[in-house]
Amino acid sequence: MAIHYMTQEGLDKLKKDLADALAQRPVISAQIAEARDKGDLSENAEYEAAREAQGLLELNISKLQDLVANARVIDESQIGTDKVQMLNKVKVKNLANNQIMEFTLVGESEADFASGKLAAATPIGKALMGHSKGDTVEAKVPSGIIRFEILDITL
């Protein structure tokens, strides 16, 4: 079982998602019962669709329960900026094209590249972890190796 590091905000959102999913159980059960009452199950598309929805819901509930059970909330007051770590905002320069990027390193479940939240478990995240301002790091990505210079580490 993997530990999932996240912010308190991320954990609260997961708990809400789990509660919402659990609330769907009786709704889907009712749909299955209603479809079953319509007779012949061998050609009952409604019944099949409801059973499939139930399977997907149970899969989602299981995944959310695992994430919540193995969540470790990171104490933001304990985060320094001398070396890159979870929840740091890191400003880097791609040495191949001199493009400057900035992202916050987060846990897998909170990652959202579009809003600048990069999962620490990604190749770039792993390459940055533990390094200091001024360091040059290499991230092995599917297209090859990208070299970054760490320009700044903030909260």
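The rules behind each value
Residues numbered from 1 in each chain as written. Predicted model: local features only at pLDDT ≥ 70, side-chain atom pairs only at ≥ 80, totals over all residues. Heavy atoms only, no water. Pairing = 2+ DSSP bridges. Helix = DSSP H or I, 4+ residues; strand = E, 2+ residues; numbered from the N terminus. Axes fitted to C-alpha atoms, helices over the stretch in contact; angles between N-to-C directions. Buried < 20%, exposed > 50% of the residue type's maximum accessible area, 1.4 Å probe, protein only. Lys, Arg positive; Asp, Glu negative; His and termini not counted. Salt bridge = Lys/Arg side-chain N within 4 Å of Asp/Glu carboxyl O. Contact = heavy atoms within 4.5 Å. Core = buried A, V, L, I, M, F, W, Y, C linked by side-chain atoms within 4.5 Å. Expected span 1.5 Å × (residues − 1). Polar contact = N/O pair within 3.5 Å; in protein donor to acceptor, adjacent residues only side chain to side chain.

Asks: Where do I start with the sheet that holds strand β4 (residues 100–106) in this structure?
Replies: The strands that make up a sheet are held in pairs by hydrogen bonds between backbone atoms, and each pair lies either parallel or antiparallel. Read from one edge to the other, the open sheet built from five strands follows the order β5-β4-β3-β7-β6, with strand pairing classed as mixed. Of all the strands in the sheet, just β5 (117–119) and β6 (136–141) have a single pairing partner and so form its edges. Put simply, the sheet's adjacent strands are angled 45 degrees from each other on average, direction ignored. Two elements, strand β3 (residues 89–94) and strand β7 (residues 144–154), share six bridges in a ladder whose sense is antiparallel. Residue pairing in the sheet places Lys-89 in a bridge with Thr-154 of β7.

Asks: Explain the side chain of Glu-110 to me, please; I cannot follow it from the model alone.
Replies: Tracing the backbone shows Glu-110 in the loop between β4 and β5. The charged side chain of Glu-110 is buried without a salt bridge, its nearest counter-charge being Lys-117 at 5.2 Å. Those residues in contact with Glu-110 that sit more than four places away from it in its chain are Tyr-5, Met-6, Thr-7, Gly-10 and Lys-117.

Asks: What exactly am I supposed to notice about the nonpolar core here?
Replies: Side chains of nonpolar character tend, in soluble globular proteins, to be buried together. Residues Val-92, Ile-124, Leu-128 and Ile-150 are the most contacted members of the largest nonpolar core, which totals 16 residues. Among the elements of the structure, β3, β4, α3 (123–128), β6 and β7 are those that each provide at least two residues to this core. Core analysis: the second largest hydrophobic core is formed by 15 residues, Leu-18, Ile-28, Ala-50 and Leu-64 among them.

Asks: How should helix α2 (residues 45–69) be read in this particular structure?
Replies: Because each turn of an α-helix spans 3.6 residues, side chains separated by three or four positions in sequence point in the same direction. Between its first and last C-alpha, α2 extends 36 Å over 25 residues, near the 36 Å set by a 1.5 Å rise per residue. Among the residues of α2, those classed as buried are Tyr-47, Ala-50, Leu-57, Ile-61, Leu-64 and Leu-67. Those residues of α2 that are buried are in contact with β1 (4–6), α1 (8–36) and β2 (71–73). Sitting at the head of α2, Asn-44 places a side-chain oxygen 3.2 Å from the backbone nitrogen of Glu-46.

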